Amino acid sequence: MKSLFIAAYRATLCLLLLNMFSYAQETRIPTPDALAAPNALNAKLRKGDWSARWITCPDISGRAYGVYHFRRQFDLATKPKDFTVHVTADNRYRLFVNGQPVGRGPARGDLYNWNFETYDLAPYLRPGTNVVAAVVWNMGEHAPVAQISNQTAFLLQGNDAESTKINSDSKWKVTQNNSYQPCGADMGSILRSYVVVGPGDDVDASRYPWGWEQSGFDDLRWSSAKIMSAPVAFFGYGTDNLWTLTPRNIPMMEESVQRMKTVRRSAGLSSSDHNFLKGSSTYIPASKKVSILIDQGFETTAYPVMKTSGGKESTIKLTYAEALFDSRGEKGNRNDIAGKKLIGLFDVFKPDGGKDRVFSPLWFRTYRYVQLDIETGSSPLVLEDLHGLYTGYPFRQQAAFTSSDTSLTAIWETGWRTARLCAGETYFDCPYYEQLQYEGDTRIQALISLYNAGDDRLMRKAINDFYNSRVPEGLTQGRYPSSRLQVIPPFSLFWVSMLYDYWMHRQDDRFLNTYLDGAARVLDWYAAHVDADKNMLGPMKWWNFTDWNHAFSNGVPDGATDGNSAVITLQYAYTLQQAAELFAGFGRQADAARFSRLAVQLARGTYNHCFDQKRMVMANTPEKKSFSQHAGIMAILSNAIPAKERETVLKAILEDPGLSQATFYYRFYLSRAMILSGRGNDYYAQLAPWRGMLANGLTTFAENPDPTRSDCHAWSASPNYDFLATLCGIMPAGPGFKEVRIEPFPGPLTELRGSMPHPAGTLRVELKRKGAKGLDAVVELPAGISGSFVWNGRSIRLAPGRQELHF
């Protein structure tokens, strides 16, 4: 039995590894020159034969806060054509060659899937003396919740005989950088919110080893690196692993210079003396207090980069915020600053009097507003420059949308900015407060990525991340990677929905097949909680979050904890229907039939016990004491509502004032229910909340209606999916997007143009209304792709290429 188990385990590992390599090797988006393709990994390394050693700094507490510098100096007779190395660290690193920045990493994962990056260093090398250097940091107890960690460590493995000469070992030199201290670790209590992105950096420049990354730096006083006893274990190998290595499967993050826009408020400094925003000098006299409020003009994610000269004994505090707060703690219009103050995450830099000192935090910051609070000592300070280095997942928007209502352009552009700021090495729920990847958010984000960028790599990483998060009960964790356990059972259902979405939009059976058993375990967990008397879900443990609806205590609908929640029972039925299609598509007919039967059983049971025939709405529980849009939405999506009643029920969902309302997040599912009920043309009228956010000065879309915590939450960027999927009506008609169904719901719009990336090319739609019911349409499908166009109940077949249609 044991041998059978081991054989099965090895087979599963091999399949996972094969899938990882298959999608890691795709490079649809150009990456920095230094990042080599993952297939550069040589055969010995793929088999687990790594000769480098994990190294660390001697005489430190490996799990405590600390910043460290590693260096390896070596000579080359000639400039090599190739010099490929594989690099990783715990928590994180930034790599330099001869003073030039090469890359940051590792991509966030977990100890079972510890990512490494592969770089070709040849472009940075030269004949003679060279140095490869890395700053490595461990945030210790202050680390972001998204950061899983074991202990401080660094690893560099050469890929061939030449590059292995600089493998990480005791020949490397190391020192601890004691200029760093964590700051702002209590921001959660200050902002009265959940803040888990890690601390700020408090840097004393007088203790900083300036020039440490340059080849001419004197490191004689540095220690020899300490070799760790931990094995260097590649995925599928090792018996005593601290980290199990796997190749990075997403591109490097984009980095581009982003100048800050304007100074909105200044105290202690002439209003005309703000040259530093343009990269020119601003002089601040000795013994001076200065406060400068900078408005980027829009929210962003960036590494602030500040250069100073002089200013010994000065202190510069940089504080970052999405918005300012008034005396009541409210944000109001985000453009307004009068009578408001800035409260937020911050860094501190203390110049040492040296020339051209550059400060940039170890991790990026999220901000629209930046405030500099400067106090100079006995020496004047010259502020040479301050700008941002924008960073994020390197999505490139391939989609386009225009319409007869030009105001939709602002929603389209703001939605895309929101989606981009919420995508890094994982999808983020929000970039300012958490930077955590939740299934509920990620499902919507992934569809936005597919429709706008055509890039599915971050979606695949997310699917795999959640698969790796599973707890023994079979559920996924509600967010992952995460160093703290949080289980949200409804989010496990959305992970199954993500598999269905991927199946419908991509032909990638080998990848998906890996996750079907995990999906079945999720569905079986729910099946074990079915109340057979009512054919609804009974009591459930963990956090059954559904939406930040004010009527749902802590986001949990009535009945979720003590039993018979219509909302979650119907979400389960909805997911079972998707799973039935998915499993049937993979030949697992018995599972598909079981899921279909249970979906019908639950939908019927919930309808019989919870549907109010008089009001034509679905109650939250059989007691029918509370009602929500959510219950009705899921009733329609799960087909619990008979087809002849759908439109009436949808009308009640939109108009009954006694229903607790869906927030921005759950309106994504409201849109799906509107389409299924034949009310897709009402979508346009549902954009009022997004117009309201823009009128209130937001430059990204918020988590919730005001008062809201986060001003940037990707689940609220759903219009960037719906403008194409609903207004233009572009949807896959079958698995792999091999067939297209175009059924537009333009509402009052008289003209629409939309284009989006498709696995086979670009798909374009142009629509022009003719009177109340007429329509002229131009559709262009990629080669090899066919489908149908539906308008007012009439369907016309579509062929590859360009075609004109008239209704």
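Undergrad: When you look at the overall build of the protein in this model, what are you seeing that I'm missing?
TA: Looking only at helices and strands, one finds 16 helices and 37 strands in the protein. Overall size of the protein, expressed as C-alpha extent along the three principal axes, is 80 × 70 × 55 Å. Taken over 807 residues, the protein has a buried fraction of 62%. When contacts within the protein are restricted to residue pairs at least 6 apart in sequence, those whose partners lie at least 24 apart make up 74%. A total of about 29700 Å² of accessible surface is found on the protein, and carbon and sulfur atoms cover 49% of it.

Undergrad: What am I meant to see in the environment of Val 382 here?
TA: Note on placement: Val 382 falls in strand E24 (residues 381-392). Using a relative accessible area of 21% as the deciding quantity, one classes Val 382 as partly exposed. Residues Val 382 and Asp 356, spaced 26 residues apart in sequence, show a C-alpha to C-alpha distance of 9.3 Å. Those residues within four positions of Val 382 in sequence are excluded, and the remaining contacts are Ser 281, Thr 282, Tyr 283, Lys 307, Thr 308 and Ser 309.

Undergrad: Explanation requested: the nonpolar core in the structure shown.
TA: By size, the foremost hydrophobic cluster in this structure holds 151 residues, and its most contacted members are Trp 495, Met 618, Tyr 669 and Phe 789. Counting residues per element, this core draws most heavily on helix H10 (residues 566-585), which supplies 12 residues. If near-sequence neighbours (up to four positions away) are discounted, Phe 789 is found in contact with Ile 742, Pro 744, Leu 767, Leu 775, Ala 777, Val 779, Arg 794, Ser 795, Ile 796, Leu 798, Leu 805 and Phe 807. Among the nonpolar cores identified, the runner-up in size contains 37 residues, and Leu 269, Met 306, Tyr 367 and Leu 381 belong to it.

Undergrad: In this structure, what is going on with the sheet that holds strand E7 (residues 128-138)? I would like to understand it.
TA: Strand pairs in the sheet, formed through backbone hydrogen bonds, run parallel or antiparallel to each other. Here 6 strands make up an open sheet; going across it, the order is E5-E4-E7-E2-E9-E12 and the pairing antiparallel. Bordering the open sheet on either side are strand E5 (100-105) and strand E12 (223-224), each of which pairs with just one other strand.

Undergrad: I'm lost on the side chain of Thr 308 in this one. Help?
TA: Within the element layout of this structure, Thr 308 appears in strand E19 (residues 289-310). If we skip the residues at most four places from it in the chain, Thr 308 touches Ile 316, Phe 349, Pro 351, Gly 354, Lys 355, Asp 356, Arg 357, Leu 381, Val 382, Leu 383 and Glu 384.

Undergrad: How do you make sense of the packing of aromatic side chains when you look at a structure like this?
TA: To describe a pair of aromatic rings, one takes the distance between the centres and the angle between the planes. For the coordinates displayed, the defined rule picks out 47 aromatic pairs. Geometrically, the ring pair formed by Phe 668 and Tyr 721 is tilted, given 5.8 Å between the ring centres and 45 degrees between the ring planes. With Phe 668 in helix H14 (residues 667-676) and Tyr 721 in helix H16 (residues 719-727), this residue pair connects regions lying 53 residues apart in the sequence. In terms of burial, Phe 668 and Tyr 721 fall into one category: buried. Directly above the ring of Trp 222 sits Arg 71, whose terminal nitrogen or CZ lies 6.0 Å from the centroid. Residue placement shows Lys 317 over the ring face of Phe 346; its charged tip is 4.3 Å from the ring centre.

Undergrad: I tried to follow the layout of surface pockets on my own but got confused; where do I start?
TA: Remark: the empty space left among the atoms is shown by a probe the size of a water molecule rolled over them. Taken as a whole, the largest pocket encloses approximately 870 Å³ of empty space. Forming the boundary of the largest pocket are 25 residues, of which Tyr 500, Gln 578, Arg 672, Leu 676 and Met 731 lie nearest the centre. Secondary-structure elements contributing two or more residues to the lining of the largest pocket are helix H5 (439-452), helix H7 (489-505), H10, H14, H16 and strand E30 (730-732). The residue inventory of the lining of the largest pocket, partitioned by class, reads 14 nonpolar, 5 polar and 6 charged. Counted as a void, the second largest pocket has a volume near 670 Å³. Considering the residues around the second largest pocket, the lining is formed by 26 residues, among which Arg 94, Phe 96, Glu 213, Val 358 and Ser 360 are closest to the centre. Taken together, the elements giving at least two residues each to the lining of the second largest pocket come down to strand E4 (92-97), E5, E7, E19 and strand E22 (357-359). Split into classes, the residues belonging to the lining of the second largest pocket amount to 17 nonpolar, 5 polar and 4 charged.

Undergrad: What exactly am I supposed to notice about H5 here?
TA: Within an α-helix, residues lying three or four positions from one another point in the same direction, as the helix has 3.6 residues per turn. Between its first and last C-alpha, H5 extends 20 Å over 14 residues, near the 20 Å set by a 1.5 Å rise per residue. Taking burial as the measure, the 14 residues of H5 include 14 buried ones, the bulk of the element. Directly beyond the C-terminal end of H5, a positive phi value near 70 degrees is found at Gly 454.

Undergrad: Explain the sheet that holds strand E35 (residues 786-791) to me, please; I cannot follow it from the model alone.
TA: An order of E30-E31-E35-E36 is seen for the 4 strands of this open sheet, with the pairing classed as mixed. Either end of the sheet is taken by a strand with one partner, and the two such strands are E30 and strand E36 (794-798). Across the sheet, the mean angle from the axis of one strand to that of its neighbour is 25 degrees, orientation sign disregarded. Relative to E36, E35 runs antiparallel, the two sharing 5 bridges. Residue pairing across strands places Val 790 opposite Ser 795, the latter belonging to E36.

Undergrad: Can you help me understand the packing of helix H13 (residues 646-655) against H14 in this one?
TA: In helix packing, the relevant descriptors are the interaxial angle and the interaxial distance, both defined with respect to the helix axes. Closest axis-to-axis distance for the H13/H14 pair is 9 Å, and the angle between their directions is 145 degrees. Between H13 and H14 the crossing geometry is left-handed. Touching Arg 646, Leu 650, Ile 653 and Leu 654 of H13 are Leu 670, Ala 673, Met 674 and Leu 676, all from H14. The class makeup of the residues in the contact of H13 with H14 is 7 nonpolar, no polar and 1 charged.

Undergrad: Teacher, can you tell me more about the pairing of strand E15 (residues 244-247) here?
TA: Walk down a regular strand and you will see the side chains alternate between the two sheet faces. What you see with E15 is no split at all: Thr 244 and Thr 246 on one side and Leu 245 and Pro 247 on the other are buried throughout. In terms of strand pairing, strand E6 (residues 114-120) meets E15 through 3 bridges, oriented parallel. Opposite Asn 115, over in E15, you have Thr 246 as the bridge partner. Across 2 bridges, the pairing between strand E14 (residues 233-234) and E15 is parallel. For Ala 233, the partnering residue across the bridge sits in E15 and is Thr 244.

Undergrad: Explain the pattern of salt bridges to me, please; I cannot follow it from the model alone.
TA: Between side chains of opposite charge, a pair can form when the charged atoms approach closely. All chains considered together, the criterion is met by 44 salt bridges. Among the salt bridges present, the one from Arg 259 reaches Asp 385, with a minimum N-O distance of 2.6 Å. Pair noted here: Arg 259 is in strand E16 (residues 254-259) and Asp 385 is in strand E24, with a separation of 126 residues, a long-range link. For Arg 802, the salt bridge is made with Glu 804, and the minimal N-O distance between the two is 3.2 Å. Relative accessible area serves as the criterion here: at 55%, Arg 802 is assigned to the exposed category. Among the ionic contacts, a cluster of salt bridges with common partners joins Asp 517, Asp 524, Arg 588, Asp 591 and Arg 594.

Undergrad: Is there a simple way to explain the packing of helix H4 (residues 408-421) against H16 in this structure?
TA: Two elements in contact, H4 and H16, have axes whose closest approach is 8 Å; the angle formed by their N-to-C orientations is 125 degrees. It follows from the interaxial angle that H4 and H16 lie oblique. In contact with Leu 408, Ile 411, Trp 412, Gly 415 and Trp 416 of H4, H16 contributes Pro 719, Asn 720, Phe 723, Leu 724 and Leu 727. Partitioned by chemical class, the residues of the contact of H4 with H16 number 8 nonpolar, 2 polar and no charged.

Undergrad: What am I meant to see in the environment of Trp 543 here?
TA: Within the secondary structure layout, Trp 543 lies in the loop between strand E27 (536-537) and H10. As for Trp 543 and Leu 362, which are separated by 181 residues in sequence, their C-alpha atoms are 33 Å apart. Of note is the side chain of Trp 543, whose polar atom sits 3.0 Å from the backbone oxygen of Asn 554.

Undergrad: Would you mind showing me how to read the side chain of Thr 301 here?
TA: By the secondary structure assignment, Thr 301 is in strand E19. Thr 301 gets classed as buried once you look at its relative accessible area, which sits at 2%. Polar contacts involving the side chain of Thr 301 include one to the main-chain carbonyl oxygen of Thr 391, which spans 2.8 Å. When sequence neighbours within four positions are dropped, the list of residues in contact with Thr 301 reads Phe 364, Arg 365, Thr 366, Leu 389, Tyr 390, Thr 391, Leu 421 and Pro 431.

Cut-offs applied
Starting afresh in each chain, residues are numbered from 1 along the sequence in its written order. Restriction of local features to residues with pLDDT of at least 70 applies here, the model being predicted, together with a cutoff of 80 or more for giving and counting side-chain atom pairs; totals for whole chains, interfaces and linings are based on all residues. Only hydrogens and water are set aside when side-chain values are computed; all heavy atoms of the structure are taken into account. Numbered from the N terminus, helices here are DSSP runs of H or I no shorter than four residues, and strands are runs of E no shorter than two. Think of it in three bands: residues with accessible area under 20% of the maximum for their type are buried, residues over 50% are exposed, and the middle band is partly exposed, with areas taken using a 1.4 Å probe on protein chains only. Any two residues whose heavy atoms approach within 4.5 Å are treated as being in contact. Each accessible area is a Shrake-Rupley result for a 1.4 Å probe, and residues are judged covered by the shown protein chains and nothing else. Residues belong to a common nonpolar core when they are buried Ala, Val, Leu, Ile, Met, Phe, Trp, Tyr or Cys residues joined through side-chain atoms within 4.5 Å. Two strands are said to pair when DSSP picks up at least two bridges between them. Each Phe, Tyr or Trp ring (for Trp, its six-membered ring) is paired with any other whose centre lies within 6.5 Å, and the angle between the two planes then decides the class: stacked below 30 degrees, edge-to-face above 60, tilted in between. Any Lys NZ or Arg CZ that is within 6 Å of a ring centre and within 35 degrees of that ring's normal is treated as a charge sitting over the ring. As defined here, a cavity is a set of points on a 1 Å grid over the protein atoms alone where a 1.4 Å probe fits but cannot get out. A pocket is an open set with protein on both sides within 12 Å along at least five of seven lines, and residues line them when an atom is within 4 Å of a point. Grid points are joined across faces, edges and corners, and a volume is the space filled by probe spheres set on the points. When residues are grouped by polarity, Ala, Val, Leu, Ile, Met, Phe, Trp, Tyr, Cys and Pro land in nonpolar, Asp, Glu, Lys and Arg in charged, and all others, Gly among them, in polar. To estimate the expected span of a helix, subtract one from its residue number and multiply by 1.5 Å. Helix axes are fitted only over the stretch in contact, all axes being lines through C-alpha atoms; the angle between N-to-C directions runs from 0 to 180 degrees. Helix crossings are classified by the rotation of the near helix relative to the far one: an anticlockwise turn of less than a right angle makes the crossing left-handed, while a clockwise turn makes it right-handed. Salt bridge, as used here, is a side-chain nitrogen of Lys or Arg placed within 4 Å of a carboxyl oxygen of Asp or Glu. By the definition adopted for this analysis, an angle is roughly parallel if under 35 degrees, roughly antiparallel if over 145, roughly perpendicular if from 65 to 115, and oblique otherwise. Polar contact is the term for a pair of N or O atoms within 3.5 Å; when the atoms are in protein, one must be able to donate a hydrogen and the other to accept it, and sequence-neighboring residues count only if both atoms are side-chain atoms.

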